[in-house]
Amino acid sequence: MRQLLDYCESHAGTIVETIEALVRLESPSTDKAAVDRCGREIAGRLRAGGARVEPLPRDARGDHLDARIDGTGKPVLLLGHFDTVWPVGTLERMPLRRDGRRLHGPGTFDMKAGIAIALAAIAALRDTGTAHPPVHMLWTTDEEIGSGTSRDAIEAAAREAAAVLVLEPALPGGALKTARKGCGEFEIDVHGVAAHAGVDPGKGASAIHELAAQIAVIEQWQDLERGVSVNVGAIEGGSRPNVVAEHARAIVDVRAPTMADARTLDSRFRALQPLRPGTRLTVRGGFERPPLERTPAVAHLFSIARDVASVLERDLMEGATGGGSDGNFTAALGVPTLDGLGPVGDGAHAAHEHVDVEQLPWRAALVAGLLHRLASTA
Ligand SMILES: [Zn+2]
């Protein structure tokens, strides 16, 4: 273990160089050409590190990268994404910039540093001759837009794996993520009957008044203490003040900590009925990512990581987050999943996005040490 940490510390410069190279290749989820440029860079670095790399071609999205390294026992899946929320050109106003121990730049924290950490971890295992299980890596290109073209590949890889290590950013202070809420989106579409608001108010049925009443109902489903949140984030409808509105629509973000909570919310949305005569409701949507629940298997995997951390002379914490990741998919299959193994930093999706450079070698040693430990416990 100590050897792994020494190796990662002496290769700190390589980790930073890798992050900078990947950040310079801007890769917004919806720009296939740009994402594929970044993917080719990652593929080259993986091959240089001894991995067999197979791109998973996609027409409208960047090609995902599937990479494997031989080892003994059941494979462990390293999971992450190289798409970002930042359009090409962001670097001009948000340049790569080192400020003390911080490295700023679009996609540093979420999550190109996570890929650099994984590359350093596998290099450390190889160059120190440390035993490890077969390592299967999936680096995907559409996590930031819901993983529509990668979910099948992620789930197939997870089913073969003894455990899934997700290189998404850590919680503040470096804690791992052992629980993530499930996330969904519902659209409520209301049709009413238009009428002149002055001449024939009684003949109309207002879609807006109906929608407002429905919002009052669904707001009651929020239970922040349990971690269930319901946010009507956007509404539209109507045409003019003197017209009884014929149409109105709301888009609702929902979060739930457990599968049971998600199912309850889902069935409540689907059971919504019009409250006013003359109106009609259509409800679309659902949960896009199931919750990552802290099952006993997740807790056990965390306890292994905590042991590795203590050998590396640090305390490792765990926590929960309301945001989803591709780890939600793998955990929902019952495969032990540990998330937040990537960089320590701040500002995902925000102008102050950065990673803490000084913690990168230790994080890489943690991932390497965890892979080593999983070889001996498998
Ligand atoms: Zn991410």
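Sequence positions are assigned chain by chain, starting from 1 and proceeding in written order. The model is predicted, so local features are restricted to residues of pLDDT at least 70 and side-chain atom pairs to those at 80 or more, both for listing and for counting; the totals for chains, interfaces and linings are taken over all residues. Side-chain figures throughout are based on the complete set of non-hydrogen atoms in the structure, without hydrogens or water.

## Description of the domain arrangement of the protein chain
The line we're drawing: The split of the chain into domains comes from an automatic or database domain assignment. Here, two residues are considered to be in contact whenever any of their heavy atoms come within 4.5 Å of each other. Buried surface area refers to the total accessible area, computed with a probe of radius 1.4 Å, that the two partners give up upon joining, counted for both partners together. The term salt bridge refers to a side-chain nitrogen of Lys or Arg lying within 4 Å of a carboxyl oxygen of Asp or Glu. Side-chain atoms alone can form a polar contact between residues adjacent in sequence; in general such a contact is a pair of N or O atoms within 3.5 Å, and within protein one must be able to donate a hydrogen while the other accepts it. Elements are defined by DSSP. Helices are runs of H or I of four residues or more, strands are runs of E of two residues or more, and each kind is numbered from the N terminus. Lys, Arg, Asp and Glu make up the charged group, whereas Ala, Val, Leu, Ile, Met, Phe, Trp, Tyr, Cys and Pro make up the nonpolar group; the residues left over, Gly among them, are polar.
What the domain assignment lists for the protein chain is domain 1 (2–180 + 292–377) and domain 2 (182–289). Contacts between the two partners involve 14 residues from domain 1 and, on the opposite side, 8 residues from domain 2. Buried surface at the junction of domain 1 and domain 2, both sides included, amounts to about 700 Å², of which 43% is carbon and sulfur. When the buried area of domain 1 at its contact with domain 2 is split by residue, E293, G322 and N328 rank highest and sum to 46% of it. Across the contact surface, domain 1 and domain 2 share 2 salt bridges. For R289, the salt bridge goes to E143, with nearest N and O atoms at 3.7 Å. Summed over the shared surface of domain 1 and domain 2, the number is 7 residue pairs in polar contact (both at pLDDT 80 or more). For the side of domain 1 that touches domain 2, the element with the highest residue contribution is helix α10 (residues 327–332), accounting for 3 residues. Its residues assigned to classes, the side of domain 1 that touches domain 2 shows 2 nonpolar, 7 polar and 5 charged.

## Side note on the coordination of the zinc ion
Inclusion rule: A donor here means an N, O or S atom no more than 2.8 Å from the metal, or no more than 3.2 Å when the metal is Na, K or Ca. Since water is not included, a site may seem to lack partners. In short, tetrahedral needs four donors with all angles between 85 and 135 degrees, square planar needs four and octahedral six donors with opposite donors over 155 degrees apart and all other angles between 65 and 115, and whatever is left is irregular.
Looking at the zinc ion, the protein donor atoms are H81 (NE2), D110 (OD), E168 (OE) and E168 (OE), and they sit 1.9 to 2.8 Å from it. Its 4 donor atoms give the zinc ion angles of 52 to 145° at the centre, a pattern that matches the irregular case. Going along the chain, you hit the donors of the zinc ion in the pattern H-x28-D-x57-E. Pair noted here: H81 is in strand β3 (residues 76–81) and D110 is in helix α5 (residues 108–127), with a separation of 29 residues, a long-range link.

## As for the sheet that holds strand β13 (residues 247–256)
Here is the rule we go by: Only strands that DSSP links by at least two bridges are regarded as paired with each other. Under this scheme, a helix contributes an axis fitted over its contacting stretch, all axes are lines through C-alpha atoms, and angles between N-to-C directions fall in the 0 to 180 degree range.
Ordered by their spatial adjacency, 4 strands build an open sheet running β11-β13-β9-β14, and the pairing between neighbours is antiparallel. Strands at the two margins of the open sheet, each flanked by one partner only, are β11 (229–237) and β14 (280–289). The average undirected angle you get between the axes of adjacent strands in this sheet is 15°. Strand direction decides the pairing type here: β11 and β13, joined by 8 bridges, are antiparallel. Directly across from V232, in β13, lies its bridge partner V252. Contacting β9 (182–191), β11, β13 and β14, helix α7 (residues 207–219) crosses the sheet at an angle of about 15° to β13.

## Regarding the side chain of S206
So the rule is basically this: Here's how the labels work: a residue is buried when its accessible area is under 20% of the maximum for its type, exposed when over 50%, partly exposed in between, all with a 1.4 Å probe on protein chains only.
Tracing the sequence through the fold places S206 in the loop between β10 (195–196) and α7. S206 gets classed as buried once you look at its relative accessible area, which sits at 16%. At 3.0 Å, the side chain of S206 forms a polar contact with the backbone nitrogen of H209. Discounting residues that sit within four places of it in the chain, S206 has contacts with V244, A245 and T279.

## As for the environment of D339
Residue placement: D339 occurs in the loop between β16 (337–338) and β17 (345–346). When its relative accessible area of 0% is taken as the criterion, D339 is described as buried. Residues D339 and S325, spaced 14 residues apart in sequence, show a C-alpha to C-alpha distance of 8.5 Å. Apart from the residues within four sequence positions on either side, D339 is in contact with V166, E168, L176, K177, R180, L292, S325 and G327. A polar atom in the side chain of D339 sits 2.7 Å from the side chain of S325.

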